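These are the residues of each chain, in order.
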Amino acid sequence: MMIPVLFGITLITFFVMHLTPGSPVDGLMMSPEVDAGAILRLRETYGLDRPLHIQYFSWLSRVATLNFGSSFRDGRKVTLKIAERLPATILLNVVYLFLIFALAIPIGIISAVKHNKAIDKILAVCVFAGYSVPAFVVALILMMYFGVELGWLPVSGMVSINYEFLPFWSKVADIASHLVLPAVSTAIGGLAFLSRYLRSSMLEVIKQDYIKAARARGIPEKSLVLVHTLRNAFIPMITVFGLLLPALIGGSVVFETIFSWPGMGRLAYEAIMARDYPVVMGIGVVMAVLTLIGNFLADIGYAAADPRIRYE
Amino acid sequence: MSKYCMSSGYILEAEKVSAEYFSSEKDIPALRGVDISLREGECIGIAGESGSGKSTLALTLLQLIDEDEGRISGGNIVFHEKASGEKINISSINKSRLRKVRGKEISLITQDPYTSFNPVIKLYRHFREAYRVHNKVFKERDLKDKVSELLDSVNLRPAEKILNSYPHQFSGGMLQRASMALALLNGPRILIADEPTSSLDVTIQKKVMETLKDLRCRYNLSIIFISHDLNLISEIADRIYILYAGKTVESGPASEIFKNPRHPYTEALLKSLPKLGARGSIISIPGRAPQPGAVKEGCSFAPRCSYADKKCFKKEPPPVLSGERAWACFKRQ
Amino acid sequence: MNNLLKNKMVLSGLLIVFFFIFISILGPHIYRHSPVEQNISHRLQAPSARYIMGTDDLGRDVLARVIAGSRISLSVGFVSVGIALLIGVPLGLIAGFYGKGADRVIMRIVDIMLCFPTIFLILMVIAFLGPSIYNVMIVIGLTSWPGLTRYVRAETLSVRRREYIQAAEIMGIKKARILFIHILPNTIAPVIISAALGVGSAILAESILSFLGLGVQPPHPSWGNILTLGKEYISHNTWWLLVFPGTAILMTVVAFNLIGEGLRDVLDPRQRKER
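Residues numbered from 1 in each chain as written. Chains lettered and ligands numbered in written order. Predicted model: local features only at pLDDT ≥ 70, side-chain atom pairs only at ≥ 80, totals over all residues. Heavy atoms only, no water.

A.B. asks: Before we move on, could you go through the overall build of chain C and cite the residues and values that matter?
C.D. replies: Broken down by element type, chain C carries 13 helices and 0 strands. Listing each helix as α and each strand as β along chain C from the N terminus yields α-α-α-α-α-α-α-α-α-α-α-α-α. Taking all 275 residues of chain C together, 53% fall into the buried category. With the model as given, the accessible surface of chain C reaches about 12,500 Å², and the carbon-plus-sulfur share is 66%. Seen as two clouds, the 25 positive and the 15 negative side-chain charges of chain C have centres 7 Å apart. (Helix = DSSP H or I, 4+ residues; strand = E, 2+ residues; numbered from the N terminus. Buried < 20%, exposed > 50% of the residue type's maximum accessible area, 1.4 Å probe, protein only. Areas by Shrake-Rupley, 256 points an atom, 1.4 Å probe, with all protein chains shown as cover. Lys, Arg positive; Asp, Glu negative; His and termini not counted. Charge placed at Lys NZ, Arg CZ, Asp CG, Glu CD.)

In structure tokens, the structure reads:
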């Protein structure tokens, strides 16, 4: 599964680049930001005169050794550029994942336990609003209200200008305050999706006979929900985690751009806008690999959580 | 058939029990005023086709009908507690007292053992969890001894290996015996067995029935044995209740019912039993069991009954009592 | 059909959609202010009686631009879902009906597409093809079919196993005929549901692209590029540049989600039970 997917993704990335009318170089010549040396380098690295499939395979073999070439804009190694942006993206996404799981679990439990009661219906409306609302607009409005109007939170970047001179704990607080808006606005969609999924998954499990059987043994409702139902309902959530990743990584392009977050997503946007092909393609591959790693971890987690899979 | 240790004291009495399930249009009655009684050490059999309400009865006795799916709409279920001699009305006690009855006084085993265990939890945790609910303080050692003894009595060995396995690693027969052991963990006095063998192969059925009989004697259990199979019921039950469309149509001592059925439905059921070595075709009951909720006026069996006349379609027959027996039919007064 | 209209979600969703369709067609004739006319002396004005939704940095009337933007958003939504349907439905039918190699190849492509961060792919293609509304429609259409293919395939597989289809096959009825007469109609429910949800997400995607400067280019109006200005002038507290186009996006997306979810309640019995 993993190898063909990776293969397919590099293929798409490669051919999308060649979709450009004319060769990538023609487009570049018109861009004032690119110097003649870079164009020469590009011709060299990509062997643009050779047939497409040969170009692809020679590119692929370089990719296999993590050699994506150098950026057109500043001539720095693509791997290096990505590596210095990756930590910020990972930080944001870890916070995001923590946030949505920490909130989705109680929301999912409450709405499943209070199925069809008032609180479930209220939560259902909130969840519906959550995945219908355009998160990037919410991000802008939060930015204007909390950042500009109230001036409570920083609206762009990851650190303040005076970051270098702050003591350790103030540094942490500084990054944390920069994290709030991006993390909250990214979380809306994922939170809605996840809590809805957990709710229906729990309702599915609650109907199972083994819950009734446990009730017949006198097991109190609290442990029925927390031990039996939640644990079983959580198993499909692990797969969902795998599904969530592409959206997460794609979303980081939008939200990092809005909040000028110095991560890989913003690098992708900048590179796309500047037609910095080596960087774009490098990021494409890294995103694909990250997604695949996520899926792989989800598979392992699935097997760990469900003994029926493990023993097959 | 009452060769087992029997005393005449009642342990459970249910009267006029009714229950219905919700559906989008109207509520569908599943039980329409059923009376049953169970004596100490006795085994009663509840027989009926699917849709007769027999499984609903099992759930109702433990108040296990989901709030979302239906409700228990009437009747009293009285359990006689041994230690205090107190009568507990199961249908009106609060949830925490109800939990003390479930599993501790009355246990349930269901048709498909695979659905009565949580698939992601090992067997030992099932036992431990159930034990902890009813014994706040306990020693792990005592629990282990008790579980081993129970597993031994249902012929599951070695205990250590059994307890360390997940439910799906067992065969159906083994798991059903494990579920019996689990049901008996807290020393209940009543065991409700709802079609305990119908998901199993015939050869394994036999073993499970043997185990059940054995447990009954060893632990002096009172058993409510629910099945669609009168042959199985005849193996174990002292008295029988025949359910049809949510009502008891006939009840009485097993031997007498088998010898001399009174209600036409019972008669037809017995005729339809395949007998070992008998020649000739099996006689089936014409028509189909009514859909729950589709019951009209009069005797619910009338549409399929060869004796029925106008009266049967108009009025509901009242029960005729005769000694320990009772039946509800105009034609057999 | 009666059920559909009785369903409050579908009904209110439809009402909102009709409202926006009405606005996009007749709006410019009713509200006769130009969406592109500049009036520098009136730049960045807050909402007033003259400018109900305020003005942007060049003094253009935001209400007129929001009205004009609705036409863009709706056409992107419908056209790109149309493209996705044209690709996704046949592929799903083929995969589910013919199975074997075709199925394996198609589903592998679907897996690859679903693994790929769609928005990144869209951005990349648009950046290389050049930003234009037609490119946006095409690219959103080309990237949003895989989910549809999955649904159609699953439905085809389950219909295929039914006895009347197998009977038809045994009687020697042509495969193509079975596919179109018997199987295609059965896949309509999931197709309509995901098409409705798809229109909503296409509208959202268009607004994001325009917001990032890769969709509709100024001076042409779109909800997304009004938001771009809102971001640019965020320190001026130009809330009307965010709130009005934002609400328009919210309402259309909500409307299509309502239709999709409502239809699922009515048409998909598995989901219906749960409610």
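A.B. asks: Break down the overall build of chain B for me, with residues and values.
C.D. replies: Counting secondary structure elements, chain B contains 11 helices and 12 strands. Sorting the 333 residues of chain B into buried and exposed places 53% on the buried side. At a minimum sequence separation of 6, the contacts of chain B that also span at least 24 residues come to 67%. Accessible surface computed for chain B: about 15,600 Å², of which carbon and sulfur atoms make up 50%. With 50 positive and 39 negative side-chain charges, chain B shows a spacing of 2 Å between the two charge centroids. (Contact = heavy atoms within 4.5 Å.)

A.B. asks: Can you break down the sheet that holds strand 2 (residues 28-39) of chain B residue by residue, with the values?
C.D. replies: Residues and elements named next belong to chain B. One open sheet holds the 4 strands; their spatial order is 2-1-4-5, and the pairing between them is antiparallel. Unpaired on one side and paired on the other, strand 2 and strand 5 (87-89) mark the two borders of the sheet. Pairs of neighbouring strands in the sheet enclose a mean axial angle of 5°, with direction left out of account. Relative to strand 5, strand 4 (residues 70-80) runs antiparallel, the two being bridged by 3 bridges. Bridging from a neighbouring strand, Phe79 pairs with Ile88 of strand 5. (Pairing = 2+ DSSP bridges. Axes fitted to C-alpha atoms, helices over the stretch in contact; angles between N-to-C directions.)

A.B. asks: If you had to explain the interface of chain C and chain A to someone new, which residues and values would you point to?
C.D. replies: Listed as interface residues are 43 residues of chain C and, on the opposing side, 52 residues of chain A. Roughly 4,200 Å² of surface becomes buried between chain C and chain A when both sides are summed, with 79% attributable to carbon and sulfur atoms. Here Glu261(C) ties to Arg196(A) by a salt bridge, and the two come within 2.9 Å at their closest N and O atoms. With 10 residues, the single largest contributor to the side of chain C that touches chain A is helix 12 (residues 240-267) of chain C. A class-by-class count of the residues in the side of chain C that touches chain A yields 30 nonpolar, 7 polar and 6 charged. (Buried area = accessible area lost by both parts, 1.4 Å probe. Salt bridge = Lys/Arg side-chain N within 4 Å of Asp/Glu carboxyl O. Nonpolar A, V, L, I, M, F, W, Y, C, P; charged D, E, K, R; others polar.)

A.B. asks: A description of helix 7 (residues 202-218) of chain B should follow, citing residues and the corresponding values.
C.D. replies: Residues and elements named next belong to chain B. With 17 residues, helix 7 extends 25 Å between its outermost C-alpha atoms, agreeing within 8% with the 24 Å of an ideal straight helix rising 1.5 Å per residue. Buried within helix 7 we find Gln205, Val208, Met209, Thr211, Leu212, Lys213, Leu215 and Arg216. Where the residues of helix 7 are buried, they touch strand 3 (43-47), helix 4 (140-153), helix 6 (172-183), strand 7 (190-194), strand 8 (222-227) and helix 8 (230-236). (Expected span 1.5 Å × (residues − 1).)

A.B. asks: Account for the interface of chain A and chain B, with residues named and values stated.
C.D. replies: Opposite the 25 residues of chain A that make contact, chain B presents 29 residues. Regarding the contact of chain A and chain B, the summed buried area is about 2,400 Å², with carbon and sulfur atoms giving 57% of it. When the area that chain A buries against chain B is broken down by residue, the three leading residues are Lys212(A), Ala216(A) and Arg217(A), summing to 27%. Note that Glu69(B) and Lys212(A) form a salt bridge whose closest N and O atoms lie 4.0 Å from each other. Listing elements by their share of the side of chain A that touches chain B, those giving two or more residues are helix 9 (209-216), helix 10 (221-258) and helix 13 (307-310) of chain A. Of the residues belonging to the side of chain A that touches chain B, the class tally is 10 nonpolar, 5 polar and 10 charged.

A.B. asks: Any chance you could break down the pattern of salt bridges for me, citing the residues and the numbers?
C.D. replies: Residues and elements named next belong to chain B. One pass over the full model with this rule turns up 30 salt bridges over all chains. In this structure, Arg157 and Asp152 form a salt bridge, with 2.4 Å as the shortest nitrogen-oxygen distance. The residue Lys331 makes a salt bridge to Asp309 at a minimum N-O spacing of 2.6 Å. Of this pair, Lys331 sits in the segment after strand 12 (325-327) while Asp309 sits in the loop between helix 10 (264-271) and helix 11 (310-314); the two residues are 22 residues apart in sequence, bridging distant segments of the chain. Judged by its relative accessible area of 36%, Lys331 falls in the partly exposed class. Taken together, the shared-partner salt bridges connect Arg39, Glu42, Arg239 and Glu324 into one network.

A.B. asks: How would you summarise the packing of helix 5 (residues 78-113) of chain A against helix 6 (residues 118-132) of chain A if you had to cite specific residues and measurements?
C.D. replies: Residue and element names in this part refer to chain A. It is at 8 Å that the axes of helix 5 and helix 6 come closest, and there the two elements cross at 135°. Judged by the angle between their axes, helix 5 and helix 6 are oblique. For helix 5 against helix 6, the interelement crossing comes out left-handed. Contacts from Ile107, Ile110 and Ser111 of helix 5 reach helix 6 at Ile119, Asp120 and Leu123. Taken together, the residues of the contact of helix 5 with helix 6 break down into 4 nonpolar, 1 polar and 1 charged. (Parallel < 35°, antiparallel > 145°, perpendicular 65-115°, else oblique. Left-handed = near helix turned anticlockwise from the far one by under 90°.)

A.B. asks: Go over the packing of helix 3 (residues 62-98) of chain C against helix 11 (residues 223-232) of chain C with me, naming the residues and quoting the values.
C.D. replies: Residues and elements named next belong to chain C. Helix 11 packs onto helix 3 with a crossing angle of 135° between their chain directions and a minimal axis gap of 8 Å. Between helix 3 and helix 11, the angle falls in the class oblique. Only Trp223, Asn225 and Ile226 of helix 11 make contact with helix 3, whose side of the interface consists of Val62, Arg65, Val66, Gly69, Ser70 and Ser73.

A.B. asks: Provide a residue-level description of a nonpolar patch on the surface, including the pertinent values.
C.D. replies: Taken together, the side chains of Val289(A), Ile293(A), Phe296(A), Leu297(A) and Ile300(A) present a nonpolar region at the surface, about 440 Å² in accessible area. Locating Ile300(A) in the fold gives a position in helix 12 (residues 277-305). (Patch = residues over 30% accessible without salt bridge, like charges linked within 9 Å, V, L, I, M, F, W, Y side chains within 5 Å.)

A.B. asks: Please provide a residue-by-residue account of the nonpolar core, values included.
C.D. replies: Within the largest apolar cluster, 107 residues are counted, with the highest numbers of intra-cluster contacts made by Phe136(A), Ile283(A) and Phe120(C). Summarising the domain contributions, this core has at least three residues from each of domain 1 (2-63) and domain 2 (89-305) of chain A. Every residue in contact with Ile283(A), bar those within four places of it in the chain, is listed here: Ile82(A), Met264(A), Leu267(A), Ala268(A) and Phe120(C). Grouped together as the second largest cluster of nonpolar side chains are 61 residues, Tyr124(B), Ala181(B), Ala245(B) and Cys299(B) included. (Core = buried A, V, L, I, M, F, W, Y, C linked by side-chain atoms within 4.5 Å. Domains from an automatic or database assignment.)

A.B. asks: Residue-level account of a positive patch on the surface, with values.
C.D. replies: A surface patch of like charges, here positive, comprises Arg231(A), Arg97(B), Lys100(B), Arg125(B), Arg132(B) and Lys136(B). Among the secondary structure elements, those contributing two or more residues to the positive patch are helix 2 (95-101) and helix 3 (123-134) of chain B. Structurally, the position occupied by Arg125(B) is in helix 3.

A.B. asks: Describe the pairing of strand 2 of chain B, with residues and values.
C.D. replies: Residue and element names in this part refer to chain B. Of the pairings in the sheet, the one linking strand 1 (residues 10-21) to strand 2 comprises 9 bridges and is antiparallel in character. Considered in strand 2, the bridge of Ala19 is made with Leu31. Hairpin geometry of strand 1 and strand 2 is characterised by an intervening segment of 6 residues between the two adjacent antiparallel strands.

Read these as layout, nothing more, since geometry by itself doesn't imply function.
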